[in-house]
Amino acid sequence: MPNQSAASAIPASPAETVGGRLPMRQSLLLGSLMFGLFFGAGNLIFPVSLGLLSGSAVWPAAAGFLVAAVGLPILGVVASAMSHTASLHELASRVHPVFAVVFTCALYLTIGPFFAIPRTATVSYEMAFGARLDGGGARLALLVFSAIFFGLVLLASLRPGRLLDYVGRYLTPLFLVLLGILLVVALGGGPGGPAPAPSELYASHAASQGVIDGYNTMDALASLAFAIVIIESVRRLGVSSPTRIAAEVGRAGIVAALAMGVIYTALAVLGAASTTLVEREANGAVALASVSQHHFGTAGLVLAAAIMLVACLKTAIGLVTSCAEMFATMFPRSLGYRGWAVLFTLASFGFANVGLETIITAAVPVLALLYPLAITMILLGLLSPLVQGRPWAHRLPMAVVGLVSVLALLAAATDLWPSGADWAARAGGVLPGFELGFGWILPGIVGLVTGMLVPGRRQG
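Residues numbered from 1 in each chain as written. Predicted model: local features only at pLDDT ≥ 70, side-chain atom pairs only at ≥ 80, totals over all residues. Heavy atoms only, no water.

(A) Local environment of helix α6 (residues 97–114). With 18 residues, α6 should cover 26 Å at 1.5 Å per step; its first-to-last C-alpha distance of 24 Å lies within 8% of that length. Of the residues making up α6, those classed as buried are A100, F103, T104, C105, L107, Y108, T110, I111, G112 and P113. (Helix = DSSP H or I, 4+ residues; strand = E, 2+ residues; numbered from the N terminus. Expected span 1.5 Å × (residues − 1). Buried < 20%, exposed > 50% of the residue type's maximum accessible area, 1.4 Å probe, protein only.)

This is how it looks when you write it as structure tokens:
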């Protein structure tokens, strides 16, 4: 079977196989690929919602958002390159083989068919039709829309070698042009007036709440999944040295980070300036559609729908490709790449039809569990020169962070387990920052330092 890598159609360049830096145009193309893979449904709606709710505190809130939604994803890809591992599964195996399978499956299913991929379809639908349909008509429309949407996603995903062309060359530039038109016009001639006072969550902890909002994009989780695609793209461009691969990923990451940072900030400011047009509790998709309609009339709704559709299509294609490649690699005697791609697309289609609000609500406790573990894994990857070969330097921090994350999950899932609020209160009295979502940091540091002191090295 031919190589199913998402970058397999990219010809190697002899000029780079001897260790030279990639030309700027190729770094820009890789940066466009990274941006296109990361920037999807949540990346459009969550910064707008943040702006609506943070009001006059939009700048510190946006700064926190950038840490989680820009800094962590780029570091995630760089960490994978620096660790000299081919995948998240291989990186997580440094903790324990069983943990590697469980954690990898949980992360990929979260950013794949359970939450992130279905969200790409439901957000696109909400932007185009959600405000104009309800009841049985809305359910039927969502069914038809998601069937067409995932049909296109599957067609592209079955040809993974064209991913760089689909996302880097075509969909990302089209998305940037469409979104640029909306942002320039809206920010240049917005509703005006001072931003309102921040809502309760942002009044005293705007920056930390912005970080938590950035978790909702799921991009730090996705970075550990997309790394296999991005690193292979660099290899196909002729770079073979692990150190050089990490450097080229870093260069491309700067391009992607600049683009994401500018757009996130602009969307947050747009949200803060739009409180005269929409309710502050409105989701970002509704807010974007309302702003676009305000400035462009009916054509604005078409523009907003086109922006969202392009953003969501490119991310869904990247996620299906990455998930299918990972499961085909972990379970080589199972379905194979194409079988997994079909299965994940069909599962995403099914979950998409439960609706956007259900997907977002169900994701919150799952992210409370997975995000600290993913961030710890990223940091361990960045520290590879120090911790590689030291199993307890991986196991202890992951164990204590996992324990605190379970407490955070219980605290976030009070609807299912009411006693979780009591556990959260007790943990908040012991762990600094627990109530803000950062109770895992100090235990993780202690676990890392302790693990570095444990004698013995992994053999082999």
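(B) Main features of a nonpolar patch on the surface. Residues L140, L143, V144, I148, L152 and L155 make up a contiguous nonpolar surface patch of about 580 Å² in total accessible area. Residue placement: L152 occurs in helix α8 (residues 135–157). (Patch = residues over 30% accessible without salt bridge, like charges linked within 9 Å, V, L, I, M, F, W, Y side chains within 5 Å. Areas by Shrake-Rupley, 256 points an atom, 1.4 Å probe, with all protein chains shown as cover. Salt bridge = Lys/Arg side-chain N within 4 Å of Asp/Glu carboxyl O.)

(C) Molecular detail of the packing of helix α4 (residues 58–82) against helix α12 (residues 219–236). One way to put it is that α4 packs onto α12 with a least axis distance of 8 Å and a crossing angle of 40 degrees. As far as their axial angle goes, α12 and α4 are oblique. The element α4 and its partner α12 pack so that their crossing is right-handed. Here α4 contributes A69, L72, P73, G76, V77, S80 and A81 to the contact with α12, which in turn contributes D219, A220, S223, L224, A227, I230 and I231. (Axes fitted to C-alpha atoms, helices over the stretch in contact; angles between N-to-C directions. Parallel < 35°, antiparallel > 145°, perpendicular 65-115°, else oblique. Left-handed = near helix turned anticlockwise from the far one by under 90°. Contact = heavy atoms within 4.5 Å.)

(D) Broad picture of empty space enclosed by the protein. Considering all chains together, one arrives at two cavities of 30 Å³ or more under this definition. In this structure, the largest cavity spans a volume of roughly 110 Å³. In terms of lining, the largest cavity is formed by 17 residues, of which the most central are A116, T217, D219, T315 and L319. Elements with a minimum of two residues in the lining of the largest cavity: α2 (24–38), α3 (41–54), α7 (116–130), α12 and α15 (298–330). (1 Å grid on protein atoms, 1.4 Å probe; cavity = no way out; pocket = protein on both sides within 12 Å on 5 of 7 lines; lining within 4 Å. Points joined across faces, edges and corners; volume = space filled by probe spheres on them.)

(E) Layout of the packing of α12 against helix α13 (residues 242–272). Between α12 and α13, the shortest axis-to-axis distance is 11 Å and the interhelical angle comes to 130 degrees. Classed by the angle they form, the pair α12 and α13 counts as oblique. Pair α12 / α13 crosses with right-handed handedness. Between α12 and α13, the contacting residues are D219, I230, I231, V234 and R235 on the first element and I245, E248, V249 and Y264 on the second. Split by residue class, the contact of α12 with α13 holds six nonpolar, no polar and three charged. (Nonpolar A, V, L, I, M, F, W, Y, C, P; charged D, E, K, R; others polar.)

(F) Looking closely at the layout of surface pockets. The calculated volume of the largest pocket comes to roughly 1300 Å³. Along the walls of the largest pocket sit 46 residues, with Q209, I212, D213, N216 and V364 positioned nearest its centre. Breaking the lining of the largest pocket down by element, the ones donating at least two residues are α3, α10 (200–204), α11 (206–215), α17 (356–382) and α19 (391–412). Residue contributions to the lining of the largest pocket peak at nine residues, all from α17.

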